[in-house]
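# What the coordinates show
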Amino acid sequence: MQVEYEEFDTIEDIFLYMASAAPPMKNTMPINSYKGYVMAFIPLSPSTGDTYLMIYAKGTLEPGIYEFDVTSKSYKKVEGIERADKNYFISLTPKRNTIADKAIEHL
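Okay, so let's go over this structure. (Residues numbered from 1 in each chain as written. Predicted model: local features only at pLDDT ≥ 70, side-chain atom pairs only at ≥ 80, totals over all residues. Heavy atoms only, no water.)

## Regarding unusual backbone geometry
- A positive phi angle, close to 50°, is found at K35, a residue other than glycine.
- Inspection of the secondary structure puts K35 in the loop between β2 (28-34) and β3 (37-43).
- Given a relative accessible area of 56%, K35 falls into the exposed group.
- Backbone geometry at K73 places phi at a positive 55°, although glycine is not the residue there.
- Here K73 is to be found in the loop between β5 (64-69) and β6 (74-78).
- Among the residues examined, K73 registers a relative accessible area of 36% and is labelled partly exposed. (Helix = DSSP H or I, 4+ residues; strand = E, 2+ residues; numbered from the N terminus. Buried < 20%, exposed > 50% of the residue type's maximum accessible area, 1.4 Å probe, protein only.)

Rendered as structure tokens:
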């Protein structure tokens, strides 16, 4: 497995990147808060699954749903997904993430 990295200064920057890279009409995306990093993995070689892009920033998020507004570059924790004009991130804190463990080891 090979991991490429893209580091950002803030969680908002990760959300902005993910919102711009999301397929049209997909406004809900998963994100991990794990071992002091907020991160997402994008497969760069979907057919073989051996190369990933890790997009990350140092920080933490509580598990839950976060509404992100691209215009103001701000997010807030919400109870549900309600608006089509916003992007939503589902923050998960896995007990163990072997891809993240290997990627963090090589930072």
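Next comes the rest of the write-up.
## Remarks on the pairing of β3
- Taken together, the 3 bridges between β2 and β3 define a ladder with antiparallel strand orientation. Its bridge partner being in β3, S33 is matched across the sheet by V38.
- Linking two consecutive strands that pair antiparallel, namely β2 and β3, is a turn of 2 residues; a positive phi of about 50° is found at K35 within it.
- Relative to strand β4 (residues 51-58), β3 runs antiparallel, the two being bridged by 7 bridges. Bridge pairing in β4 links V38 to A57. (Pairing = 2+ DSSP bridges.)

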